[in-house]
Structure formats: structure tokens, C-alpha cells
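Report on the structure
Letter by letter, the chains look like this.
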Amino acid sequence: MSNLPIVFFVLSTASFVFVPNDFSFQISEFPVNRGSLTITCAIAAVVLFIKDRLDGDGDNVTIKKAKHTTPGKKMKAIIITKYGNNTIEYSDDKINVPKLKQPSDILVHVKAASLNPVDLMISQGNGKVMYNKMRMAKGEPAECDAELPLVLGHDVSGVVVKVGKDVKKVKAGDEVWASIPIWRSEGTLAEYAIVNEYDVSHKPNNLSHTEAASLPFVALSVWTSLVKSMAINSKQAKKRRILILGGTGGIGTFAIQLIKAWGGHVTTTCSKGGIELMKRLGADQIIDYTKEDFETVLSQKKQKFHLILDTQGPSSYQACLNLCGSGGHVVTLVSPLHSMTDKHGLVWGAIKATLARLKIGIPQKLFHSRSFSWGIYAPDGQALDKIKLLVEAGKIKPVIEETFPLSEGVAAFQQLSTGHRKGKIVIDVDAR
């Protein structure tokens, strides 16, 4: 990922903070003032960030193949053939085994994969505009539902079958784990999946494939949102107070363990049924949201937090900001970007979403010295290498609610849709 999105975000903030109100001149018909500079730089940051999410280069592939594995032409998979509610289906004859297209591609024999709420979102067509633009930018079919049938899934743990000519990190026969770009139409809930070298890591030695498959997507969502955004790191977390809303889900269970591994103090929310799990994961303070309002409880105790990770969305924004101390950071994993781009198109939707974030973030920074940002997910093999060390050291453990065979993937999604999970739902692809 380049530094350009960060540069333009800094320029946008600096324009708003430092450019005088009366600063103004014209370039042709375009007025240059504090407002136009702020908005232009913010738009540039969003566009460049989306561009950075598009990975891979080159077209020629030299294949290194595992001798013991010979994929057939068709494979079993969990797919959608149309968007909407209740459109997820199991198929054993509609999907071809994917082929290597880039020199950095890796074909993985999937042993296990897991479900994430984003998979449901994609099946319903949410984010379709933005994801199809990304697919088209990579030369993949996407117009007029050409991306269908679409294989769901983003987490994978399995064995390398083939690698492209540029792949150095892994070889045929290696056990790996990974999470793929969110826009990919060839997902991981299948017998085989394509993973890019830059997104893959060797599987932790102390985990089974089923255990390993539960972690990459949620781990990278937390890692990218908190660490890469510079909200916190292993040194900053020590003895800091962190609030995590929704502790029992995949995001929450990983985030709690990460912060505790780094020596932080964790407060989290959950229902009564999740309290024992939160204690086992090491949470220092647990609030049962079915009995108490977390803002009221924490405000009465005059507790302020260095970092707040929000998984609830706009209804919790103000409460999170009220509880965030000076110099602190609120990161939300629920942004309006998908809904805005679906409603207004990619460019105008991205602009409106960015302006919505700036409307909250700039006053908070100017008047309260605290930051507000959207959390993001990005595949990152190097980050998984670091997370692997924490897993092998026993600092982070998978939290799995239930495991299903691939043939029962539809039932697994039905369970996911009910919400209030305790950890992850995993698909054991080898199970019969």
C-alpha cells in the first residue's frame, strides 16, 4: 500500500485547520479556498485508498504443482446466482476449479473456511457498486451481473497445490492461512481457492485448519483498523484503557485478546450469556448491555478511554465520542460507504461518505483533541505472519461457536443471520 492516501488525508485536515477563512483565489472557473482544498484532498485520499486495494500485476504464469493433488474441472462451493435474501445455495457442479491468472497467484486446496457478516451483506447485494468497479478495474466480468455465480467466503486455511512463477513465500504442499480481497468473486467457501502471495502466511503450527480458518478476516479487520491506522500498537497499548463494543463476536473476541496480549486494560459489552466467555478471554470490565446502558455506567464512573472500537454503528457514535478522552481515538467498523456508493454511485457516494466522516471527525479533532475514523479490512500476509507468532505463543486462541460441513453451508448462513454470535462459524470443507 502506498502512502499517498495518508498524505492527502493529512493535507485535507491541514487545509481545514491551518488555511485562513479569508484565503481565496480562482484557477479558471474553479475557486480555491479552505473548503475546496479540504474536500479535494479528502476525495483524493478516498479514491487512492480504493485504488490501493486493487492488487496484483502481470499476466504470465509459470506453475509449480504439488504432485499428489489433481483438481477436477468442477468443485463444490457455497454460491449465489442472484442477489437478495435467501439466495445462498450449495453447488457441486456449477463452479470450475479456479486457475492461476497472475504470477503471484497461489491455488489452495481449502481444508476449512469461515463465515463473516460481510458474506451475508455481499449475497444481498450491499456494496455491489463499489465491488463491481473494483472487479472491472482488475479486468474481471462485473457488468449486468456478469460476476455471477459468485463464490462466497474470505477466510481460508488449506494446502498449497500450485504457485505462480513469482511466488517465493510458499511452495506446493505448504499449509497456509489467508484472507482474500473483499471484492473477489472467487471466494473461499469451496474446495479450491486462489490466494495472492502478498495475502498468504504459513498456518500457525499449533492450530488445526478448522481453528486457523476462524481468524484471518476478523484479525486483519482489527489489525488494519487499529494498528495500520496508527490508533494503537503493542507499545502504546500497555496500561491504556480500551473499550470494545460487542465483545463476543469474531471481531470482539480477537480484539480483546490482542489488546490483553499487549498489556492493555479492556472494557467490553455483551449479554448475560457472553459474560463467562469474556472473562476467559481476559476482559477486565464487562457490562451487560441488556441490563445497563454502557455510556451511563462508564460516565458515572468518570472513565475515559484512550481507544474505543465500535462494532454497533451510528447509534453508538456519540456515546463513544463522549467516553473518549483527549488524545484518544474512536474507530468504528460500521461506515456508510457501501450504502452511499450503492445509492449515489462510486464517485459521488465516496464523496458523500467522506464528507459524513469529516463532519464528525474535524470538530472532534479541533475542539476535543480526539480522532474519529472508519475501520477497514485489508488482506495482509505480513500482518498474518505477526499474528501467527501471537497465536503460537498462546496469546490468541480461536473462538468457534459451531462447525458445519460444506454441504450444510446454507444452514450455517441461516445461523449466522440470527446474530449474537459467540465467536465464529466455521466450514470444514473436508467433512462429509
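Residues numbered from 1 in each chain as written. Predicted model: local features only at pLDDT ≥ 70, side-chain atom pairs only at ≥ 80, totals over all residues. Heavy atoms only, no water.

A word on helix H7 (residues 250–261)
With 12 residues, H7 extends 17 Å between its outermost C-alpha atoms, agreeing within 8% with the 16 Å of an ideal straight helix rising 1.5 Å per residue. Extensive coverage of H7 is indicated by the burial of 10 of its 12 residues. Where H7 is concerned, the buried positions are Gly-250, Ile-251, Gly-252, Thr-253, Phe-254, Ala-255, Ile-256, Gln-257, Leu-258 and Ile-259. One or two residues past the end of H7 sits Gly-263, with phi positive at roughly 85°. (Helix = DSSP H or I, 4+ residues; strand = E, 2+ residues; numbered from the N terminus. Expected span 1.5 Å × (residues − 1). Buried < 20%, exposed > 50% of the residue type's maximum accessible area, 1.4 Å probe, protein only.)

A few points about the sheet that holds strand S17 (residues 371–374)
If you walk across this open sheet you meet the 6 strands as S14-S13-S12-S15-S16-S17, and the pairing is parallel. Across the chains shown, the open sheet's two edge strands, defined by having one partner strand only, are strand S14 (285–288) and S17. Taken pair by pair, the neighbouring strands of this sheet meet at an average axis angle of 15°, ignoring direction. Relative to strand S16 (residues 324–332), strand S15 (residues 305–310) runs parallel, the two sharing 5 bridges. Among the inter-strand pairings, Ile-308 is bridged to a residue of S16, identified as Val-330. Sheet contacts for helix H10 (residues 314–323): strand S12 (241–244), S15, S16 and S17; angle to S16, the most-contacted strand, approximately 150°. (Pairing = 2+ DSSP bridges. Axes fitted to C-alpha atoms, helices over the stretch in contact; angles between N-to-C directions. Contact = heavy atoms within 4.5 Å.)

Looking at unusual backbone geometry
Across the junction of Leu-148 and Pro-149, the peptide omega takes the value -5°, indicating a cis bond. By the element assignment, Pro-149 lies in the loop between helix H4 (128–137) and strand S7 (150–151). The residue Lys-239 is not glycine, and still its phi comes out positive at about 65°. Exposure remark for Lys-239: the relative accessible area of 79% places this residue in the exposed category.

With respect to the packing of aromatic side chains
In total, this model carries 3 aromatic pairs according to the counting rule given. Taken together, a centroid distance of 5.8 Å and an interplanar angle of 65° make the contact between Trp-223 and Trp-262 edge-to-face. Of this pair, Trp-223 sits in helix H6 (residues 216–228) while Trp-262 sits in the loop between H7 and strand S13 (265–270), placing them 39 residues apart in sequence. For Trp-262, a relative accessible area of 10% puts it in the buried group. Judged by centre distance (5.1 Å) and plane angle (70°), the rings of Tyr-317 and Phe-372 are edge-to-face. Of this pair, Tyr-317 sits in helix H10 while Phe-372 is found in strand S17, placing the two residues 55 residues apart along the sequence. Its relative accessible area of 6% is what places Phe-372 among the buried residues. When the ring centre of Trp-374 is taken as origin, the NZ or CZ atom of Arg-357, which lies over that ring, is 5.6 Å away. (Phe/Tyr/Trp six-rings, centres within 6.5 Å; stacked < 30°, edge-to-face > 60°. Lys NZ or Arg CZ within 6 Å of the ring centre and 35° of its normal.)

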